[in-house]
Amino acid sequence: MESIQAIKQRFGIIGNSPALNRAIEKAIQVSPTDISVLVTGESGVGKESIPKIIHQLSHRKHNKYIAVNCGAIPEGTIDSELFGHEKGAFTGASQTREGYFEVADGGTIFLDEVGELPLTTQVRLLRVLENGEFLKVGSSKVQKTNVRIVAATNVNMFEAIEKEKFREDLYYRLSTVDIHLPPLRDRQEDIHLLFRKFASDFALKYKMPTIKLTDAAIQTLLKHRWGGNVRQLRNIAEQLSVLEQNRTISAEILKSYLPATGSNLPAVIKTSKSESDFSSEREILYKVLFDMKSDLNDLKKLTLELMKNGNTKDVEKNNESLIQKIYGDDEDDAEYEEDTIENNEVLSIPEHSANHTTPETLDKYHFAEEIEEEETLSLQDKELELIKKSLERHSGKRKLAAAELGISERTLYRKIKQYDL
Ligand SMILES: Nc1ncnc2c1ncn2[C@@H]1O[C@H](COP(=O)(O)OP(=O)(O)O)[C@@H](O)[C@H]1O
Ligand SMILES: [Mg+2]
């Protein structure tokens, strides 16, 4: 039998608290049997490793291991997912389908969040646990399967039974052996160990030096309640690893990443929020990067065209959509600093006259006409007029107007202010 330490290494489990070791030891002990196991513990404590250990150490290891998140499957389809359905069993059932219990014959099914199973599904599950029998949805033909069940829950099953949300008989059938993983706050000796492991993993992943906690920060880490347990700790380690320039993390910095709920409030069971918060932040960053890359490629294309084809107008005409894409979507009111060299840029006023204004250019640049009519306009007035028209033509989009006028956006912004546009 593999030792607890060897199992930890094989399954990437960090920690050395007696409670964790005891849980792993129990998993090793029950693995050669077909006994049902219920893994209990708050969200994020690491329940998902237990069924994997049990399956891998069992004679079933060459057959399928299927993990099912019972809470994530809609109530209407869960029976069909687990037990399959006959063709025509319900609208949309155009084919006969095998369920997980048929597919995993000879293997192991991990029923995560088993407390979420609807009562009707609980009846079917009880039957398959008792004699290996099940019916496909819409079928009256009894089928047999040989599946080992490991279930997990973070809800208080006694409460669920009390409220008649969970069948008592099923509970006892599932929990022949109970493996409990205590919350992280009750595994003090593992907290810093886990943090260091995650910090080193993320340093490798993001190719940055490993973050390190000051002594005071370690104390903060140990005192925190860790309502989201190891999952939350891992997220915090990732955020710090990615976002903090200074790789030595003080207690103050660490606190700024911890939820403000304080350490004495009840545990927040659902931690998926903080996880998704961060992942969405990361998604936004990725999106910005991809957008920038795409803009850069478009600009390269445009520059190349300009180099090949000296005629700016042609390039502009042929690449209208590209130009719109690069310059056209920015309407923000960003303030620009005023004291830059660029502010000295001036607008070159085209000297249009009726003679050399072709109908085509007239059509495209309406403003040429108007300037021509008002010969008496001062240079400033002409500039003002040009800017106004350009902005109108581009529905106020400064990037586009600035590009057309041949000045920087910053200069355009300054002039807009100057003319009080
Ligand atoms: N002892 C541990 N060592 C290393 N990583 C762990 C440990 N416990 C949990 N994790 C990690 O924390 C996250 C949450 O664990 P998980 O098993 O999904 O929690 P649960 O199913 O109990 O909600 C996973 O990324 C998992 O790899
Ligand atoms: Mg889980």
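The structure presented is a predicted model; accordingly, all values stated were derived computationally and were not measured.

**What to know about the packing of helix α1 (residues 4-11) against helix α2 (residues 18-30)**
Moving on, step 1. Closest axis-to-axis distance for the α1/α2 pair is 10 Å, and the angle between their directions is 90 degrees. Considering their axes alone, α1 and α2 lie roughly perpendicular with respect to each other. Facing α1, whose interface residues are I4, I7 and K8, α2 presents N21, I24, E25 and I28.
Moving on, step 2. Of the residues belonging to the contact of α1 with α2, the class tally is four nonpolar, one polar and two charged.

**Examining the nonpolar core**
Moving on, step 1. Counting 29 residues, the largest nonpolar core has F101, I109, L111, V114, L125, I149 and F166 as the members making the most contacts within it.
Moving on, step 2. Among the elements of the structure, β2 (65-69), α4 (78-83), β3 (108-112), α6 (119-131), β6 (148-153), α7 (157-162) and α8 (168-174) are those that each provide at least two residues to this core.
Moving on, step 3. For this core, the leading source of residues is α6, giving four residues.
Moving on, step 4. Apart from the residues lying within four places of it in its own chain, the contact partners of V114 are L38, C70, A151, A152, T153, M157, F166 and L174.

**Some words on the packing of α2 against helix α3 (residues 49-56)**
Moving on, step 1. Where α2 meets α3, the axes come as close as 8 Å, and the angle between the chain directions of the two elements is 30 degrees. Of the two possible hands of crossing, α2 and α3 adopt the one that is right-handed. Where α2 approaches α3, its residues A23, I24, A27 and V30 are matched on the opposing element by I50, I53 and I54.
Moving on, step 2. Of the residues that constitute the contact of α2 with α3, the class distribution is seven nonpolar, no polar and no charged.

**A short note on the site of ligand 1**
Moving on, step 1. Around ligand 1 there are 15 residues in total, and I14, G44, K47, E48 and R231 lie nearest to it.
Moving on, step 2. At 3.0 Å, a backbone N or O of E48 approaches an oxygen atom of ligand 1.
Moving on, step 3. At 3.0 Å, a side-chain N or O of R231 approaches an oxygen atom of ligand 1.
Moving on, step 4. Protein contact buries 82% of the 560 Å² of open area that ligand 1 shows by itself.
Moving on, step 5. Secondary-structure elements contributing two or more residues to the shell around ligand 1 are α9 (188-205) and α11 (229-243).
Moving on, step 6. Counting residues per element, the shell around ligand 1 draws most heavily on α11, at three residues.
Moving on, step 7. Grouping the amino acids of the shell around ligand 1 by side-chain chemistry returns six nonpolar, four polar and five charged.

**Section: the environment of L400**
Moving on, step 1. Counting through the fold element by element, L400 comes out in helix α19 (residues 398-405).
Moving on, step 2. Measuring from C-alpha to C-alpha, the distance between L400 and I323 comes to 8.1 Å, with 77 residues separating the pair along the chain.

**Examining the sheet that holds strand β7 (residues 177-180)**
Moving on, step 1. Within the open sheet, the five strands sit side by side as β2-β3-β6-β1-β7. Their pairing is parallel. Edge positions in the sheet fall to β2 and β7, since each of these pairs with one other strand and no more. Averaged over neighbouring strand pairs, the angle between their axes works out to 20 degrees when direction is ignored.
Moving on, step 2. The pairing of β2 with β3 spans five bridges and is classified as parallel.

Cut-offs applied
- Residues numbered from 1 in each chain as written.
- Chains lettered and ligands numbered in written order.
- Predicted model: local features only at pLDDT ≥ 70, side-chain atom pairs only at ≥ 80, totals over all residues.
- Heavy atoms only, no water.
- Axes fitted to C-alpha atoms, helices over the stretch in contact; angles between N-to-C directions.
- Helix = DSSP H or I, 4+ residues; strand = E, 2+ residues; numbered from the N terminus.
- Parallel < 35°, antiparallel > 145°, perpendicular 65-115°, else oblique.
- Contact = heavy atoms within 4.5 Å.
- Nonpolar A, V, L, I, M, F, W, Y, C, P; charged D, E, K, R; others polar.
- Core = buried A, V, L, I, M, F, W, Y, C linked by side-chain atoms within 4.5 Å.
- Buried < 20%, exposed > 50% of the residue type's maximum accessible area, 1.4 Å probe, protein only.
- Left-handed = near helix turned anticlockwise from the far one by under 90°.
- Near = heavy atom within 4 Å.
- Polar contact = N/O pair within 3.5 Å; in protein donor to acceptor, adjacent residues only side chain to side chain.
- Areas by Shrake-Rupley, 256 points an atom, 1.4 Å probe, with all protein chains shown as cover.
- Pairing = 2+ DSSP bridges.

Purely geometric numbers; function is a separate question.
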